Amino acid sequence: MPVTAVVGAQWGDEGKGKITDLLAQEADVVIRYQGGNNAGHTVVNQHGTFKLHLVPSGIFNPNALCIVGPGTVVDLKVLCEELRNLEAHGISTANLRVSDRAHLLMPYHTLLDRLDERERGRQKLGTTGQGVGPAYADKVARHGIQVYEVRDPKRFRAHVAHELETKNKVIERFGDKPLDAKQVADEVLSAAATLGDRIVDTLPLVEDAVRTDARVLLEGQLGAMRDLDWGIYPYVTSSNPLAGGAAVGAGIPPRYITRVIGVVKAYSTAVGEGPFPTEMHGKEGDALREMANEYGATTGRPRRVGWFDAVAARHAHRLNAFTELAVTKLDVLGAYREIPFCVAYRLDGRTTTDMPPTAVLERATPVYETCVGWCGALAGVSDRDHLPKAARDYLAKIEASVGAPIGMVGIGPERSATLL
Ligand code: GDP
């Protein structure tokens, strides 16, 4: 297996966790390359149902090395809790490593995230409030603290105290209680001690994996529409889920990534604010949300739901050059006699298949074509050729409109419910 990146091609929650879990059975190394514990990858396998936030979805393969990559921001306390939960379910986490160059998501980031959302009021971004945005903001502003710094507690404490001098001023201005530097440092150092020698320089491990032709999986979080540079700014995540981000965020030279899997749901969902042209409102949306159990894995928030948007998926393909698509949740559409399929946008009197910038996208209305539904369950189908003709036609429509071939089709949440 070459180096493979698993990338979200919509607004996130496409089912990347399931696809990564499946591919990880054959992988030697699995690396989460961006984001923080705002991710919520749901994995359903023989061990049960798990919501992974920071830990790579490869953790269920005892032979795979799982790396929280240098491009991530890590709340060490949350990571320790996640590991404890996995261990409690009998999953070994011995093979987990955390890059010492990743940035620490500090307790003040979480607080600042919530305060910022509160102050934005009606213009809020709809973040998960986990502090990911403020942690990346500090990284870019050169106020971040990298994970390796916990190795020198005295210096670390001084760094935390220094950062808190300004942060506390902001926190107080927002009307909240300032944080105590010692308490903050103690909390992070205690979690770091629990992780112990799992905190490493991951570059030699990754370099060695590539040199020995090991099978490497790069796992992204969120999707192209939430990419910091190419998504619906400012309703985006603070890092780059695109395959281009995978190279930097995992510490792997871009030319080694030869397989890029774009994960799309057979329809669309979004958590958080921002334009979402094919959104279904009212009873129609409620019905799909309930039927497909579209509630956020991290926050439990109801997800916004809509029809498949080929403009968005093609936008993702233009930026990622997917070698293949993985279509998830095809089974859900078995409930519909007719399935609207967005092939373009109408915008200011013209039709376009280009993705406009955010404020313009707010005005776009979808141009739909109607696909015929197959009106039935897909459970038990074990071969793509045995899918109902209407379902095969629907998949062919996705392939043609996005411009990439479909390699995998999900017809249920379980690992096994995937047609290859
Ligand atoms: P991720 O963050 O991209 O991994 O996506 P989430 O885990 O947040 O959301 C995907 C949801 O869809 C999870 O609850 C999965 O268990 C579920 N899922 C994934 N693939 C399929 C599928 O093919 N069919 C059905 N019915 N559910 C699926």
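Let me sum up the structure you'll find in this document. (Residues numbered from 1 in each chain as written. Predicted model: local features only at pLDDT ≥ 70, side-chain atom pairs only at ≥ 80, totals over all residues. Heavy atoms only, no water.)

**Notes on unusual backbone geometry**
Item 1. Across the junction of Tyr 233 and Pro 234, the peptide omega takes the value 5°, indicating a cis bond.
Item 2. The residue Pro 234 is located in the loop between strand 10 (216-223) and helix 8 (243-250) in this model.
Item 3. Phi angles above zero are rare outside glycine, and Asp 13 is one such case at about 60°.
Item 4. Along the chain, the position of Asp 13 falls in the loop between strand 1 (3-8) and helix 1 (16-24).
Item 5. Despite not being glycine, Leu 222 has its phi angle at roughly 60°, a positive value.
Item 6. Among the structural elements, Leu 222 can be located in strand 10. (Helix = DSSP H or I, 4+ residues; strand = E, 2+ residues; numbered from the N terminus.)

**Notes on the sheet that holds strand 15 (residues 324-328)**
Two strands in a sheet stick together by hydrogen bonds in their backbones, pointing the same way (parallel) or opposite ways (antiparallel).
Item 1. Pairing in this open sheet of ten strands is mixed, and the strands run 9-7-5-2-10-1-11-15-19-20 from one edge to the other. The open sheet terminates on both sides in strands that have one partner only, identified here as strand 9 (199-200) and strand 20 (418-419).
Item 2. Summarising the sheet, strand 7 (residues 96-99) and strand 9 pair through two bridges and their orientation is parallel. Paired with Ser 99 across the bridge in strand 9 is Val 200. (Pairing = 2+ DSSP bridges.)

**Side note on empty space enclosed by the protein**
Item 1. Across all of its chains, the model carries one cavity of 30 Å³ or more by this definition.
Item 2. Volume-wise, the largest cavity comes out at about 40 Å³.
Item 3. Lining the largest cavity we find Gly 58, Ile 59, Asn 61, Pro 62, Ala 64, Cys 66, Ser 92, Thr 93, Ala 94 and Asn 95.
Item 4. Within the lining of the largest cavity, the residues separate by chemical class into five nonpolar, five polar and no charged. (1 Å grid on protein atoms, 1.4 Å probe; cavity = no way out; pocket = protein on both sides within 12 Å on 5 of 7 lines; lining within 4 Å. Points joined across faces, edges and corners; volume = space filled by probe spheres on them. Nonpolar A, V, L, I, M, F, W, Y, C, P; charged D, E, K, R; others polar.)

**With respect to the packing of aromatic side chains**
Item 1. In this structure the tally under the stated criterion is six aromatic pairs.
Item 2. The ring of Phe 341 carries the charged tip of Lys 397 above its face, separated from the ring centre by 5.5 Å. (Phe/Tyr/Trp six-rings, centres within 6.5 Å; stacked < 30°, edge-to-face > 60°. Lys NZ or Arg CZ within 6 Å of the ring centre and 35° of its normal.)

**Some details on the pattern of salt bridges**
Item 1. Within this structure, the stated rule accounts for 26 salt bridges.
Item 2. The residue Arg 259 makes a salt bridge to Glu 324 at a minimum N-O spacing of 2.8 Å. Of this pair, Arg 259 sits in strand 11 (residues 257-265) while Glu 324 is found in strand 15, placing the two residues 65 residues apart along the sequence. For the pair Arg 259 and Glu 324, one class covers both residues: buried. (Salt bridge = Lys/Arg side-chain N within 4 Å of Asp/Glu carboxyl O. Buried < 20%, exposed > 50% of the residue type's maximum accessible area, 1.4 Å probe, protein only.)

**Remarks on the pairing of strand 19 (residues 406-410)**
Item 1. Most of strand 19 is tucked away: four of the five residues are buried.
Item 2. Taken together, the three bridges between strand 15 and strand 19 define a ladder with parallel strand orientation. Across the sheet, the residue bridging to Val 327 is Val 409, located in strand 19.
Item 3. One ladder, built from two bridges, connects strand 19 with strand 20; its direction is antiparallel. Bridged to Gly 410 within strand 20 is Thr 418.

**Regarding the site of the ligand**
Item 1. Taken together, 17 residues form the shell around the ligand, and within it Gly 15, Lys 16, Gly 17, Thr 42 and Asp 331 come nearest.
Item 2. Contacts to the ligand include Ile 411, whose backbone N or O atom sits 3.3 Å from an oxygen atom.
Item 3. Protein contacts shield 92% of the accessible area of the ligand, which totals 580 Å² for the unbound molecule.
Item 4. Taken together, the elements giving at least two residues each to the shell around the ligand come down to helix 1 and strand 3 (41-45).
Item 5. In terms of residue count, the dominant contributor to the shell around the ligand is helix 1 (three residues).
Item 6. For the shell around the ligand, the class distribution of residues is two nonpolar, eight polar and seven charged.
Item 7. The two domains that each donate at least three residues to the shell around the ligand are domain 1 (3-98 + 199-261) and domain 3 (265-419). (Near = heavy atom within 4 Å. Polar contact = N/O pair within 3.5 Å; in protein donor to acceptor, adjacent residues only side chain to side chain. Areas by Shrake-Rupley, 256 points an atom, 1.4 Å probe, with all protein chains shown as cover. Domains from an automatic or database assignment.)

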